[in-house]
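# Examination of the molecular architecture
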Amino acid sequence: MQFPAGWENAKRIKYAQGYSIPSPRDFVGYGPLTEPEALAVYDFTLSHNFALILAYHSQGEVIYWQFQNYNPPNAFEIGTQLSQISGYSLEDTPYNSSFAGFKDWFIQNYNRPGYTIEVGLGINPLPISQFPKIYSDNLGILILGAVLV
């Protein structure tokens with residue numbers, strides 16, 4: 001949530017929701033790429049030629065595949081395959097969550113498929129008891145993602 005893809009919109013939305021200081025969730029930072037972990041992922045991605053990316057989050061058993069009006073080649077078709085293999089639904093990203101994510105920046109910057117995979121259900125942090133189901137649901141996603149590269 002700290003990537004340069006509509007970061008100002010993310011800040012406006014999340015600050016209005018009360019996430020204006022460092023916290024366990026939804027804090028977008030004080031600017032794009034100001035935190036070392038976001039900068040590390042950004043730099044790592046710039047130094048590789050990824051065909052697609054999978055960004056993992058925990059909540060909802062859903063796959064988000066779009067960023068704004070970008071529609072990278074085969075993104076929907078690949079997302080449909082990921083959905084079928086995992087049992088997760090393929091959905092448009094909700095507006096209030098549709099800015100400043102790694103997936104958003106990757107799609108905007110490269111015009112290649114990017115997906116946010118939301119694993120598990122319940123209150124975060126998810127209990128470890130959900131791990132076997134999450135692993136089972138996502139093994140096919142990881143294999144398919146690797147094959148498509």
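Scroll up a little and you will see the structure.
Once a new chain begins, its residue numbering starts again from 1 and follows that chain's sequence as written. Local features in this predicted model are restricted to residues of pLDDT 70 or higher, and side-chain atom pairs are both shown and tallied only at a pLDDT of 80 or more, whereas totals for entire chains, interfaces and linings draw on every residue. The side-chain quantities take in all heavy atoms of the structure and omit both hydrogens and water.

## Structural notes on the overall build of the protein chain
Our working rule: Numbered from the N terminus, helices here are DSSP runs of H or I no shorter than four residues, and strands are runs of E no shorter than two. In this treatment the radius of gyration is a C-alpha quantity, and the globule benchmark scales as 2.2 Å times the residue count to the 0.38 power. Here's how the labels work: a residue is buried when its accessible area is under 20% of the maximum for its type, exposed when over 50%, partly exposed in between, all with a 1.4 Å probe on protein chains only. Between two residues, a contact is recorded if the distance between any of their heavy atoms is within 4.5 Å.
Scanning the protein chain from terminus to terminus reveals 5 helices and 4 strands. For the protein chain, the sequential pattern of α-helices and β-strands runs α-α-β-β-α-β-α-β-α. In terms of overall dimensions, the protein chain is globule-like: its C-alpha atoms have a radius of gyration of 15 Å, near the 15 Å expected for 149 residues. Going through the 149 residues of the protein chain one by one, you find that 41% of them count as buried. Pairs at least 24 residues apart make up 78% of the contacts formed inside the protein chain by residues separated by at least 6 positions.

## What about the environment of Glu-77?
Tracing the backbone shows Glu-77 in helix H3 (residues 75-86). Given the relative accessible area of 45%, Glu-77 is considered partly exposed. Distance in space between the C-alpha atoms of Glu-77 and Asp-92 is 14 Å, their sequence separation being 15 residues.

## Describing the packing of H3 against helix H5 (residues 131-148)
Here is the rule we go by: To get an axis, a line is fitted to the C-alpha atoms, and for a helix only the part in contact is used. The angle between two axes follows their N-to-C directions and goes from 0 to 180 degrees. Note on terminology: angles under 35 degrees are roughly parallel, angles over 145 are roughly antiparallel, angles of 65 to 115 are roughly perpendicular, and the others are oblique. What makes a crossing left-handed is the near helix being turned counterclockwise from the far one by less than a right angle; a clockwise turn instead makes it right-handed.
Running from N to C, H3 and H5 cross one another at 150°; their axes reach a closest spacing of 8 Å. Relative to H5, the element H3 lies roughly antiparallel. Every pair of crossing elements has a handedness; the one defined by H3 and H5 is right-handed. Along its contact with H3, which presents Ile-78, Gln-81, Leu-82, Ile-85 and Ser-86, the element H5 presents Asp-137, Gly-140, Ile-141, Leu-144 and Leu-148.

## What about helix H4 (residues 102-110)?
Of all the positions in H4, only Phe-102, Lys-103, Asp-104, Trp-105, Phe-106 and Ile-107 are classed as buried. Elements that come into contact with the buried residues of H4 comprise helix H2 (36-46), strand E1 (53-58), strand E2 (62-64) and strand E4 (114-119).

## A word on the pairing of E4
Two faces make up the sheet, and in a regular strand the side chains alternate between them. Operational definition: Between any two strands, at least two bridges found by DSSP are needed for them to pair.
Across the 6 residues that make up E4, a large majority, 6, are buried. Side-chain alternation along E4 places Gly-114, Thr-116 and Glu-118 on one buried face and Tyr-115, Ile-117 and Val-119 on a second face that is also buried. Alignment of E1 against E4, held across 6 bridges, turns out to be parallel. Residue His-57 lies in a different strand from E4, and its bridge partner there is Glu-118.

## As for unusual backbone geometry
With an omega of -5°, the peptide bond between Asn-124 and Pro-125 qualifies as cis. The topology assignment puts Pro-125 in the loop between E4 and H5. Here Gln-68, not a glycine, exhibits a phi torsion of approximately 50°, which is positive. Positionally, Gln-68 belongs in the loop between E2 and H3.

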